Amino acid sequence: SVEFVCKNMTNYLWECKQESIDMIVWIASFQHIPSKKERFLTTKYMYRCLKYEWIVILTNRSFSLRMIKTHRKTILKSIWRKIINPINHERNNLFIPWKNNNTVYKRFYHIFTKNELKKIFYQCGFRGFFFSMYIKILSHKAEKHPHVN
């Protein structure tokens, strides 16, 4: 059976039983998690919830050339803030204007690097995963034990 869930990812995964999910699909959502700690916890909870044979599909618009071209000024401001105040600003955190019904909101985006995504997944126990720039993570669990390489 298939269940589509539209909830806070971190809270939902925290409530799930260990090894209870076959597949997780995150469509343009992971980049909206606001802190490094919460991104780590969400990924850790995801690892705990996935069955031994699993698939994760993660799309991330922050890699797209359109995103970078459209918001290059915002990206450059973020880089500048990080240079000026490296302790209080995480690299690649942006607030991008988003319009809905004549109201403009500032949506949080974290622009991941390929290595940053790989590092988060590796630190959370994932091994032997396939990484693509088009579909960000598409994989099968090679080892359940995080201490095994």
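Residues numbered from 1 in each chain as written. Predicted model: local features only at pLDDT ≥ 70, side-chain atom pairs only at ≥ 80, totals over all residues. Heavy atoms only, no water.

**A closer look at the nonpolar core**
Applied cut-off: In this text, buried Ala, Val, Leu, Ile, Met, Phe, Trp, Tyr and Cys residues form a nonpolar core when linked through side-chain atoms within 4.5 Å. For the exposure calls, accessible area comes from a 1.4 Å probe over protein chains only, and a residue counts as buried if that area is under 20% of its type's maximum, exposed if over 50%, partly exposed in between. The secondary structure listing takes helices from DSSP runs of H or I that are at least 4 residues long and strands from runs of E that are at least 2 residues long, numbered from the N terminus.
Core analysis: the largest hydrophobic core is formed by 22 residues, its most contacted members being Leu 13, Trp 26, Met 46, Leu 50 and Phe 126. If you list the elements that add at least two residues to this core, you get α1 (9-15), β1 (21-27), α2 (36-49), β2 (50-59) and α5 (114-123). Formed by six residues, the second largest nonpolar core is a distinct cluster that contains Met 67, Ile 75, Leu 94 and Ile 111.

**Some remarks on the environment of Gln 123**
Stated precisely, the cut-off is as follows: Contacts were defined at the residue level, with two residues in contact if any of their heavy atoms lie within 4.5 Å.
On the secondary structure map, Gln 123 appears in helix α5. When near neighbours in sequence (up to four residues on either side) are disregarded, Gln 123 contacts Phe 40 and Lys 44.

**Section: α5**
The test is simple: As used here, the arc belongs to the directions running from the helix axis to the C-beta atoms.
Every buried residue of α5 is accounted for by Glu 116, Leu 117, Ile 120 and Phe 121. One face of α5 carries all of its buried residues, which in axial projection span an arc of 130°. The outward face of α5, more than 90 degrees from its buried face, is lined by the exposed residues Asn 115 and Lys 119. In the stretch just after α5, Gly 125 is the one whose phi turns positive, near 110°.

**A closer look at a positive patch on the surface**
How we decide: In this scheme, patches are assembled from residues that exceed 30% relative accessible area and form no salt bridge. Like charges are connected within 9 Å, while nonpolar side chains (Val, Leu, Ile, Met, Phe, Trp, Tyr) are connected within 5 Å. Each accessible area value is a Shrake-Rupley result obtained with a 1.4 Å probe; residue values ignore everything except the protein chains displayed when judging cover. Salt bridges are counted wherever a side-chain nitrogen of Lys or Arg sits within 4 Å of a carboxyl oxygen of Asp or Glu. For the charge count, each Lys or Arg is scored as positive and each Asp or Glu as negative, with His and the chain ends excluded. Taken as the charge centre is NZ of Lys, CZ of Arg, CG of Asp or CD of Glu, depending on the residue.
On the surface, a cluster of positive charge is made up of Lys 69, Arg 72, Lys 73, Lys 77, Arg 81 and Lys 106. Looking at which element gives the most residues to the positive patch, the answer is helix α4 (residues 72-84), with four residues. Mapping Arg 81 onto the fold places it in helix α4.

**As for the packing of α2 against α5**
Heads up, the condition is: Whenever a helix is involved, its axis is fitted only over the stretch in contact; in every case the axis is a line through C-alpha atoms, and angles between N-to-C directions fall within 0 to 180 degrees. For classification purposes, angles smaller than 35 degrees are called roughly parallel, those larger than 145 roughly antiparallel, those between 65 and 115 roughly perpendicular, and all remaining angles oblique. Left-handed describes a crossing whose near helix is turned anticlockwise from the far helix by less than a right angle; the clockwise case is right-handed. Each residue gets one of three labels, nonpolar for Ala, Val, Leu, Ile, Met, Phe, Trp, Tyr, Cys and Pro, charged for Asp, Glu, Lys and Arg, and polar for the others, Gly among them.
It is the contact of α2 with α5, at a shortest axis distance of 9 Å, that shows an interaxial angle of 50°. Accordingly, the angle class assigned to the pair α2 and α5 is oblique. Crossing of α2 against α5: the hand is right-handed. Packed against α2, whose contacting residues are Arg 39, Phe 40, Thr 43, Lys 44 and Met 46, the element α5 presents Ile 120, Phe 121 and Gln 123 at the interface. Counted by class, the contact of α2 with α5 contains four nonpolar, two polar and two charged residues.

**Structural notes on the pattern of salt bridges**
As enumerated under the stated definition, the model contains one salt bridge in all. Here Lys 51 ties to Asp 22 by a salt bridge, and the two come within 3.5 Å at their closest N and O atoms. Of this pair, Lys 51 sits in strand β2 while Asp 22 sits in strand β1, and the two are 29 residues apart along the sequence.

**Some words on the layout of surface pockets**
The cut-off we apply is this: Method remark: on a 1 Å grid restricted to protein atoms, a set of points is classed as a cavity if a 1.4 Å probe fits but cannot get out and as a pocket if it is open with protein on both sides within 12 Å along at least five of seven lines; lining residues have an atom within 4 Å of a point. Grid points are joined across faces, edges and corners, and a volume is the space filled by probe spheres set on the points.
Considered as a void within the structure, the largest pocket measures approximately 760 Å³ in volume. Lining the largest pocket are 21 residues, with Glu 3, Val 5, Met 23, Ile 24 and Val 25 positioned closest to its centre. Put simply, the parts of the chain that give the lining of the largest pocket at least two residues each are α1 and β1. Per-element tally for the lining of the largest pocket: the top contributor is β1, with seven residues. Split by residue class, the lining of the largest pocket holds 14 nonpolar, three polar and four charged. By volume, the second largest pocket amounts to about 250 Å³. As for the second largest pocket, its lining consists of Lys 36, Phe 40, Glu 90, Arg 91, Asn 92, His 110, Thr 113, Glu 116, Lys 119, Ile 120 and Gln 123. Elements supplying a minimum of two residues to the lining of the second largest pocket: α2 and α5. By residue number, the principal contributor to the lining of the second largest pocket is α5, which donates four residues. In terms of residue class, the lining of the second largest pocket is made up of two nonpolar, four polar and five charged.

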